[in-house]
Amino acid sequence: FWLKPSAQTEDLHCPCPCSTMESLTTSQILEENRKANELLNNGEYEEAEPLLRQAVERTKEQNNAETFMWMRRLSECQVELGKFKESEIMARDAARALNIKFGQNDEDTLDCKLLHGESLYMLRKIPEAGPIIASTLEGLDSNLKRGPEHVNTMKCRALHARILKFTDPAQASEIAEHLKLVLDRPIMTQGRRVTPQELRGADKVKQILGDMLNVQRKPRDGKQPEAKESIQTVSTEAPEDADELQVA
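Residues numbered from 1 in each chain as written. Predicted model: local features only at pLDDT ≥ 70, side-chain atom pairs only at ≥ 80, totals over all residues. Heavy atoms only, no water.

Engineer: Give me the lowdown on a nonpolar patch on the surface, citing residues and values where you can.
Structural biologist: Together, Ile187, Val194 and Leu199 give the surface a local cluster of nonpolar side chains, amounting to about 220 Å² of exposed area. Tracing the chain through its elements places Leu199 in helix α11 (residues 196-209). (Patch = residues over 30% accessible without salt bridge, like charges linked within 9 Å, V, L, I, M, F, W, Y side chains within 5 Å. Areas by Shrake-Rupley, 256 points an atom, 1.4 Å probe, with all protein chains shown as cover. Salt bridge = Lys/Arg side-chain N within 4 Å of Asp/Glu carboxyl O. Helix = DSSP H or I, 4+ residues; strand = E, 2+ residues; numbered from the N terminus.)

So, in structure tokens, the structure goes:
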């Protein structure tokens, strides 16, 4: 896996109060880290989470780019497991630290802001999530390592559309239509195979948009066609009952 230059030369074996982690050799730590990344990349989130937690614990005293990278990956895992209260805290702290160290337009800062905003959205904290998602989308669009058609940018745009749906439905529909056009095209891989992460990422965008992928443009007679909520779609309106919030 890739680390920022400032973290590439760091010693991976840092002091930790956990005796099992203290007893690990550098090679064992490297193997655990490799396994954690492999499980996360393959979508085996239940198995990846404890290893990611250990990686965060091992590196927390370093308080550097490697620490924040593991925090980001743990929060990503927690989002996929539906542990939004935990992911909200983890992603928020990582985003703040990365912002201080690398700036607000750094791609890792933006990725953590996206996870923070997604967690807030899933916790039905829409007023808090909205500005974070909007500013993150602006940053991702202009970032040279992300850009408009990167899967994280598309996820952010899909969340932005969900939030806009009940305040600016016309703009929300335009965003959904644009994303549908992008998703209908083959994933550009420059000759390599499409990774499982890329496939899951595209599915996640569709999952976020849900019924918005099927909403038609407003006809010229001015009448708006009815659009029914999919039961697998998270509404941007805070439900009255927690059971109404559908989590993928």
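Engineer: Kindly report on the packing of helix α9 (residues 151-164) against helix α10 (residues 169-184), identifying the contributing residues and their values.
Structural biologist: Between two packed helices, the angle of one axis relative to the other and the distance separating the axes together describe the packing. Two numbers describe how α9 lies on α10: the axes approach to 8 Å, and their chain directions differ by 155°. Considering the angle they form, α9 stands roughly antiparallel to α10. Between α9 and α10 lies a crossing whose hand is left-handed. Mapping the contact onto sequence places Met154, Arg157, Ala158, His160, Ala161 and Leu164 in α9 and Pro169, Gln171, Ala172, Ile175, His178, Leu179, Val182 and Leu183 in α10. Its residues placed into classes, the contact of α9 with α10 shows ten nonpolar, three polar and one charged. (Axes fitted to C-alpha atoms, helices over the stretch in contact; angles between N-to-C directions. Parallel < 35°, antiparallel > 145°, perpendicular 65-115°, else oblique. Left-handed = near helix turned anticlockwise from the far one by under 90°. Contact = heavy atoms within 4.5 Å. Nonpolar A, V, L, I, M, F, W, Y, C, P; charged D, E, K, R; others polar.)

Engineer: Before we move on, can you summarise α11 with the specific residues and values?
Structural biologist: An ideal rise of 1.5 Å per residue puts 20 Å on 14 residues; α11 measures up with 20 Å between its terminal C-alpha atoms. Listed as buried for α11 are Glu198, Gly201, Ala202, Lys204, Val205, Ile208 and Leu209. All buried residues of α11 project into a common sector of 155° when viewed along the axis, lining one side. In this structure, the buried side of α11 is in contact with α5 (65-80), α7 (107-122), α9 and α10. (Expected span 1.5 Å × (residues − 1). Buried < 20%, exposed > 50% of the residue type's maximum accessible area, 1.4 Å probe, protein only. Arc of directions from axis to C-beta.)

Engineer: Describe helix α4 (residues 45-59), with residues and values.
Structural biologist: Taking 1.5 Å of rise per residue, the 15 residues of α4 would be expected to cover 21 Å, and the 20 Å separating its terminal C-alpha atoms lies within 8% of that figure. Considered for burial, the residues of α4 that qualify are Tyr45, Ala48, Glu49, Leu51, Leu52, Ala55, Val56, Arg58 and Thr59.

Engineer: Before we move on, could you go through the pattern of salt bridges and cite the residues and values that matter?
Structural biologist: Evaluated as defined, the whole model comprises 18 salt bridges. A salt bridge links Lys60 to Glu57; its shortest N-O distance comes to 2.9 Å. Given a relative accessible area of 41%, Lys60 falls into the partly exposed group. Exposure remark for Glu57: the relative accessible area of 24% places this residue in the partly exposed category. A salt bridge links Glu80 to Lys204, with the shortest nitrogen-to-oxygen separation between them at 3.0 Å. With a gap of 124 residues between them, Glu80 in helix α5 and Lys204 in helix α11 connect regions that are remote in the sequence.

Engineer: Give me the lowdown on the side chain of Glu49, citing residues and values where you can.
Structural biologist: Of note, Glu49 is situated in helix α4. With a relative accessible area of 6%, Glu49 lands in the buried category. A polar atom in the side chain of Glu49 sits 2.8 Å from the side chain of Lys83. Every residue in contact with Glu49, bar those within four places of it in the chain, is listed here: Leu74, Cys77, Gln78, Leu81, Lys83 and Glu86. (Polar contact = N/O pair within 3.5 Å; in protein donor to acceptor, adjacent residues only side chain to side chain.)

Engineer: Explain unusual backbone geometry to me, using residue names and the numbers behind them.
Structural biologist: Despite not being glycine, Asn63 has its phi angle at roughly 50°, a positive value. Summarising the element assignment, Asn63 is placed in the loop between α4 and α5. The phi dihedral of Arg124 falls on the positive side, at around 70°, and the residue is not glycine. If you trace the backbone, Arg124 turns up in the loop between α7 and α8 (126-142).

Engineer: Pulling in residues and values, what's your account of the packing of aromatic side chains?
Structural biologist: Per the stated rule, a full pass over the model turns up zero aromatic pairs. Over the ring of Trp70 we find Arg73, and its NZ or CZ is 5.7 Å from the ring centre. (Phe/Tyr/Trp six-rings, centres within 6.5 Å; stacked < 30°, edge-to-face > 60°. Lys NZ or Arg CZ within 6 Å of the ring centre and 35° of its normal.)

Engineer: So what's going on with the nonpolar core? Which residues, and what values?
Structural biologist: Tyr121, Leu179, Val205 and Leu209 are the most contacted members of the largest nonpolar core, which totals 33 residues. Elements with a contribution of two residues or more to this core: α6 (84-102), α7, α8, α9, α10 and α11. When residues in this core are grouped by element, the largest group, seven residues, is from α9. (Core = buried A, V, L, I, M, F, W, Y, C linked by side-chain atoms within 4.5 Å.)

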